[in-house]
Amino acid sequence: QLRKPYQNQLQNNCVGLHVRRADAGVPRRPFRRFAAISEYLELLPLSFRQDSNRTILLLTDDHTTIQEMNKYYSCSDAPFQNFVYIEKKRRDGIKGRFDYHIPEDSNGFQELLYILLELDLIQNCDTFVHGNSGYAMMIWDKMRLQGRTEEDRYHLVTTVTKKQARQHGSKEEREEALLANIAATYSRGDKYGFHGCPTKNHNRRRR
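Bear in mind the structure is a predicted one, so any value in this text is a computation, not a measurement. (Residues numbered from 1 in each chain as written. Predicted model: local features only at pLDDT ≥ 70, side-chain atom pairs only at ≥ 80, totals over all residues. Heavy atoms only, no water.)

1. Some details on the packing of helix α5 (residues 108–121) against helix α6 (residues 134–145)
Here is step 1 of the chain: Contact geometry for α5 and α6: axes closest at 9 Å, N-to-C directions at 45°. It follows that α5 is oblique to α6 by the angle criterion. Between α5 and α6 lies a crossing whose hand is right-handed. Between α5 and α6, the residues in contact are Ile-115, Glu-118 and Leu-119 and Tyr-135, Met-138, Ile-139 and Lys-142, respectively.
Here is step 2 of the chain: Of the residues that constitute the contact of α5 with α6, the class distribution is five nonpolar, no polar and two charged. (Axes fitted to C-alpha atoms, helices over the stretch in contact; angles between N-to-C directions. Helix = DSSP H or I, 4+ residues; strand = E, 2+ residues; numbered from the N terminus. Parallel < 35°, antiparallel > 145°, perpendicular 65-115°, else oblique. Left-handed = near helix turned anticlockwise from the far one by under 90°. Contact = heavy atoms within 4.5 Å. Nonpolar A, V, L, I, M, F, W, Y, C, P; charged D, E, K, R; others polar.)

Below is the structure:
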């Protein structure tokens, strides 16, 4: 029942994108950073950006990742416009800590169902893009069993040094810096010159 709304949208040219943020920016090992979606997607070949039928299966534990997708990839000039993500409750990653992967009003059984759904849906994808994450590697192991090779995997380094992770004093300063970093990333543009869509009110819905 959970699978039906998503399955038909992932039939062809699917890219799995895993963005882990619930514990990004936390000044403790492994010192994850708050990487923008565009940093992941610019790793893909140019031919992927030119394929208007290609779909991105977005797997994330963070609500701000969904907001970022809506804000920067909602116009006709965006290189990727077909995003699919599971409708579920998520934490706000900028307030993250090590136990923020599961929403506080959720339960273990429900989250297990979502994990199984993600592992099932990712089998429709022929390419995987991810950062540093044990869960991402579990997803990749599942994809390899379906015949995917290292040529189908793109890894973005999303860890930083201890000094970089602890450069912001208060929690409020850290939260502000994480959002500022996302905005700055799009302001600079990716290696193909994409700066995100013009600022306006965005109301993208899942396909």
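On we go from here.
2. Comments concerning a nonpolar patch on the surface
Here is step 1 of the chain: A surface patch of nonpolar side chains, about 630 Å² in accessible area, is lined by Leu-2, Phe-109, Leu-112, Leu-113, Ile-115, Leu-116 and Met-138.
Here is step 2 of the chain: For the nonpolar patch, the leading source of residues is α5, giving five residues.
Here is step 3 of the chain: Within the secondary structure layout, Leu-2 lies in the segment before α1 (4–7). (Patch = residues over 30% accessible without salt bridge, like charges linked within 9 Å, V, L, I, M, F, W, Y side chains within 5 Å. Areas by Shrake-Rupley, 256 points an atom, 1.4 Å probe, with all protein chains shown as cover. Salt bridge = Lys/Arg side-chain N within 4 Å of Asp/Glu carboxyl O.)

3. Quick look at the packing of aromatic side chains
Within a pair of aromatic rings, the relevant descriptors are the distance that separates the centres and the angle that separates the planes.
Here is step 1 of the chain: Under the defined criterion, the tally for this structure stands at four aromatic pairs.
Here is step 2 of the chain: Plain terms: the ring middles of Tyr-73 and Tyr-186 are 6.3 Å apart, the flat faces sit at 80° to each other, and that makes the pair edge-to-face. Of the two residues, Tyr-73 sits in the loop between α4 (63–72) and β3 (82–85) while Tyr-186 sits in helix α8 (residues 171–188), which places them 113 residues apart along the sequence.
Here is step 3 of the chain: A relative accessible area of 1% places Tyr-73 in the buried class.
Here is step 4 of the chain: Site record: aromatic cluster; members linked through ring pairs are Tyr-72, Tyr-73, Phe-83, Tyr-186 and Phe-194. (Phe/Tyr/Trp six-rings, centres within 6.5 Å; stacked < 30°, edge-to-face > 60°. Buried < 20%, exposed > 50% of the residue type's maximum accessible area, 1.4 Å probe, protein only.)

4. Notes on the pairing of strand β1 (residues 14–19)
Here is step 1 of the chain: Most of β1 is tucked away: six of the six residues are buried.
Here is step 2 of the chain: Along β1, one buried face is formed by Cys-14, Gly-16 and His-18 and the opposite face, lined by Val-15, Leu-17 and Val-19, is buried too.
Here is step 3 of the chain: In this sheet, strand β2 (residues 55–60) lies alongside β1 in parallel orientation, the contact comprising six bridges. The partner of Val-15 across the bridge, within β2, is Ile-56.
Here is step 4 of the chain: Taken together, the four bridges between β1 and strand β4 (residues 127–130) define a ladder with parallel strand orientation. Counted as the bridge partner of His-18 is His-130 from β4. (Pairing = 2+ DSSP bridges.)

5. Focus: the side chain of Ser-133
Here is step 1 of the chain: Of note, Ser-133 is situated in the loop between β4 and α6.
Here is step 2 of the chain: A polar side-chain atom of Ser-133 sits 3.2 Å from the main-chain amide nitrogen of Tyr-135.
Here is step 3 of the chain: Those residues within four positions of Ser-133 in sequence are excluded, and the remaining contacts are His-18, Arg-20 and Arg-32. (Polar contact = N/O pair within 3.5 Å; in protein donor to acceptor, adjacent residues only side chain to side chain.)

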